[in-house]
Amino acid sequence: MPEHSLNVGTPLGRTGHSMDIVTFYLGDVLFGIDILAVQEIVRQLEVTKAYGSPEFVYGVLNLRGQIMTIIDIGKKLGLDERESKQGGRIIIVNSSNEPIGLLVDGIGDALHVEPGGIKPPPANLGGVQAVYFCGVVSTEEHLIGVLNLEPVLK
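Per chain, residue numbering runs from 1 following the sequence as it is written. Thresholds applied to this predicted model are a pLDDT of at least 70 for local features of residues and 80 or more for the giving and counting of side-chain atom pairs; totals over whole chains, interfaces and linings are not thresholded and use all residues. Computation of side-chain values: all heavy atoms of the structure, hydrogens and water removed.

1. Notes on the overall build of the protein chain
Applicable threshold: A run of DSSP states H or I qualifies as a helix once it reaches four residues; a run of E qualifies as a strand once it reaches two. Both are numbered from the N-terminal end. Exposed residues in this analysis have more than 50% of their type's maximum accessible area, buried residues have under 20%, and partly exposed residues fall in between, with area computed by a 1.4 Å probe over protein chains only. We call two residues in contact when some of their heavy atoms are within 4.5 Å. For every accessible area listed, the method is Shrake-Rupley and the probe measures 1.4 Å; residues are considered covered only by the protein chains on display.
A tally of regular secondary structure across the protein chain gives three helices and eleven strands. Its helices and strands taken in sequence order, the protein chain reads β-β-β-β-β-α-β-β-β-β-α-β-β-α from the N to the C terminus. Looking at the protein chain as a whole, 42% of its 154 residues are labelled buried. A sequence separation of at least 24 residues applies to 59% of the contacts in the protein chain between residues at least 6 apart. Accessible surface computed for the protein chain: about 8500 Å², of which carbon and sulfur atoms make up 50%.

Below, the structure written as structure tokens:
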């Protein structure tokens, strides 16, 4: 996949453009990110713990000679401790020309979101978590929280 810098602060689905999102699971909850932010998705590999780092930093990974930080996105979002499931994946995104891995429990589908398809996050979603979301997509089966990756990766 070609490299793209993150540009997901304004959800394109609300501004008259369509967008594609990749969905992923944290526990039983479905989330999504702009597909243009995704460099690749890999199986969960052996990660070296990074002692002294923030709690949400799962560790570091050497992927084909490229060293990257792996973030436990569930911990970063403040979710309760989840049981590790078989089939965990790492979503590699490019942030400021540096690859970062997002540890997730599983991958869902890629979805095409029509203009206006991303609704604002609920007003009662407050605190730190509110800045992590740029909107919500509703399908017949799920509500999908669409992440604003820039603040998540800081």
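2. A few points about the pairing of strand β7 (residues 98-104)
In plain terms, the rule: Pairing between two strands is assigned when DSSP locates at least 2 bridges connecting them.
Most of β7 is tucked away, with six of its seven residues classed as buried. Of the strand pairs in this sheet, strand β5 (residues 66-72) and β7 are connected by four bridges, and their pairing is parallel. What sits directly across from D72, in β7, is L103. Looking at chain direction, strand β6 (residues 89-95) and β7 are connected through seven bridges and run antiparallel. Paired with V93 across the two strands is I100, which belongs to β7.

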